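Chain and residue survey
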Amino acid sequence: MQRHTLMSVLSRGSTLLSRHAFPSILKCNAHHRPLLTPINCRSLSTLPNLPLFRALQDHDQSSLAVVHSASSRSFTYGNLVADVVRAKERLIESVGGRQDGLAGERIAFLAENSYDYVVTLLSVLASDAIALPLSPAFPVGELKYIMDNSQAKVLVATEKYAAKAHDILKAGLERQPILDVKEKIKTGASSSDPVNLQDIGQKSRGGMMLYTSGTTNRPKGVLIPQLALTAQAASLLEAWKYSPEDRLLHLLPLHHIHGTVNAMVTPLLAGSSIEFMFPFNTDAVWKRLAAPFLSESSASKITFLTAVPTIYNRLLSSFSGLSPEIQEGARKGIAPENLRLNISGSAALPTPTKQAWQDLSNGNVLLERFGMTEVGMAISCGLDFADRVDGSVGWPLPSVEARLVDTETSEVIQPGEELDTNGREREGEIQLRGPTIFREYWANEKATQEAFVDSDDGRGKWFKTGDVATRRVVDHAGQGASGDWAWGPMYFIQGRLSVDIIKTGGEKVSALEVERELLSLPQVSEAAVVGLPSEQWGQKVAAVIVLDAAKAANTGRNGKPWGALDMRRALKDRLASYKIPQEMKVLDGPIPRNAMGKVNKKTLVKKVFDV
Ligand code: AMP
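The paragraphs below set out a description of the structure included in this document. (Residues numbered from 1 in each chain as written. Predicted model: local features only at pLDDT ≥ 70, side-chain atom pairs only at ≥ 80, totals over all residues. Heavy atoms only, no water.)

On to unusual backbone geometry. Peptide bonds are mostly trans, and most non-glycine residues show a negative phi. Geometrically, the link from Phe 278 to Pro 279 is a cis peptide bond, its omega value of 0 degrees lying close to zero. Assignment of secondary structure puts Pro 279 in the loop between strand 12 (273-276) and helix 10 (282-290). At Lys 241, a position not held by glycine, the phi torsion is positive, near 50 degrees. Structurally, Lys 241 is set in the loop between helix 8 (226-240) and strand 11 (247-250). Lys 241 gets classed as partly exposed once you look at its relative accessible area, which sits at 31%. Although it is not a glycine, Ser 399 adopts a positive phi angle of roughly 75 degrees. (Helix = DSSP H or I, 4+ residues; strand = E, 2+ residues; numbered from the N terminus. Buried < 20%, exposed > 50% of the residue type's maximum accessible area, 1.4 Å probe, protein only.)

Right, dumping it as structure tokens:
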């Protein structure tokens, strides 16, 4: 399947499809367990007739779907279809074998970046359930919160994370999930039995749920229904033209929209190959990019890279430490004729980074895009180099409707009204709607309601992103060279409405959540968490605190006064490491507040950190 349009992916017939002719009563295949009754057996040898599963079956079954970079183990689309069917059967068995036993249920899972992760995610979607990937790097305390909030029915873990899964269960969950520890898939399954694509028969209740930090003090579960997930992937497919010839080097965590939708679901929909290489290591990445250009190597070249600015920065700063041979190979590896597409997003791409990458790669221009857990990707620059404009995130992607709402007047900034009466650019909040938008924050009706605003054209509510942008026509860009959608004025991100959302290394952190944890420490009597500019991370998390003098006097390590190191140690088991303040300043007096008791964080940052 190549060069799909959004409409073709979304609207293909919903009749029963199969790659082969098959008898109406299907045989049980060899992998079925004896415990299954013939009825279950018949109904379970299926995948739902949804665009993603139709695509998986339509791809060349012998082409590579997933490769593990370190071990070179690889799995074809044929393996993937067979393994997903198997994993789905096992999942349904785990809840008593009822085909509909999982519809709309949350299935949390802990899996390394690998084929096992892909199979698990797809098997949950195939069960009409909600896939909830957990970050193995999170401390048990954060995972317990997610399990309690989501009320997950099953917790699947690969062998590698079995101990962590047991720790979560021991943490005293509100709803005890069924635990399913899966052996590592060493060789992909194959099946000569045809797989039946079956209409679900009712409205799909499946999808994906990702937890994201916001302006509240606890992360929220963003429910992306199956349909929205497909719409997000179809939109990217149309804009970025993923193809079966693409080999994507996957460097990102898999509990984020970037790593899951852009770098996994969409390439799978397109029939591309995904090569997992995680955790990120600069030397390993450079060597891999260089490999096809070194003598006697049979490595395939990487054609597609999508990462956060911090990754590009780290690659650039480590380049000079490579051997001359690797340097030469790596420069070829990232040259435009080999690396067909290099994308940056999840945080602002600094122009010097973009320029340095372009210089190193002999002219490859990073394509910047803007997205969010709640909406997938929303705005993007185009494939044509002229449509990758410095400082701009481009145009609303196919099927995404975007508007700017003036931050001062609350008026919609209509096309052509981008300048105020003084000729200054008007800043507005980006608001979005369309089929790609999430449905709700899980079990948080209030937050869901507050996130959307009514429209006056009766065509559905707008989602308020909280991000502020300007819009401007740019000469020589937006002429449609990258597609009909990449047309007209371009969006330029200016920042966020709330100072309480900090973006560090592409990860979103709620200042309030970190404050809450700081204030739970006996030594801390006041806390304000802020984002400081950082070349490496975009922003870094910093804390301004006031100590309880008596409790802090000798509760540090070895009876010393309590300090920054003690703070980090105390938060280690409560917060993911990227949320823990990298800097801490202790004030002698109280943190300055206004009459309402609110801290002006912009002033505080200037005063305390002098930036
Ligand atoms: P997340 O939900 O963790 O993916 O974070 C989404 C947020 O990341 C957005 O609301 C923006 O604040 C920020 N973001 C994403 N892409 C960009 C970009 N290209 N430039 C600036 N900020 C971005």
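What follows concerns the packing of aromatic side chains. Summed over all chains, the structure comprises 13 aromatic pairs. Where Phe 109 meets Tyr 117, the ring centres are 5.0 Å apart and the plane angle is 65 degrees; that geometry is what we call edge-to-face. Across the pair, exposure class does not vary: Phe 109 and Tyr 117 are buried alike. Measuring from ring centre to ring centre gives 5.3 Å for Phe 438 and Phe 463, while their planes differ by 80 degrees; the resulting arrangement is edge-to-face. Taken together, the residues span a long stretch of sequence, with Phe 438 in the loop between strand 19 (428-433) and strand 20 (440-441) and Phe 463 in strand 22 (residues 462-472) at a distance of 25 residues. In this structure, Phe 438 and Phe 463 share a single accessibility class: buried. Among the aromatic residues, ring-to-ring pairing joins Trp 286, Tyr 312, Phe 319 and Trp 357 into one connected group. (Phe/Tyr/Trp six-rings, centres within 6.5 Å; stacked < 30°, edge-to-face > 60°.)

Spatially, the nine strands line up as an open sheet ordered 3-2-12-11-13-14-15-16-17, and their pairing is mixed. The strands lining the two open edges of the sheet, one partner per strand, are strand 3 (74-76) and strand 17 (395-396). Pairing of strand 15 (residues 367-372) with strand 16 (residues 376-380) involves four bridges; the strand directions are antiparallel. What sits directly across from Phe 370, in strand 16, is Ile 379. (Pairing = 2+ DSSP bridges.)

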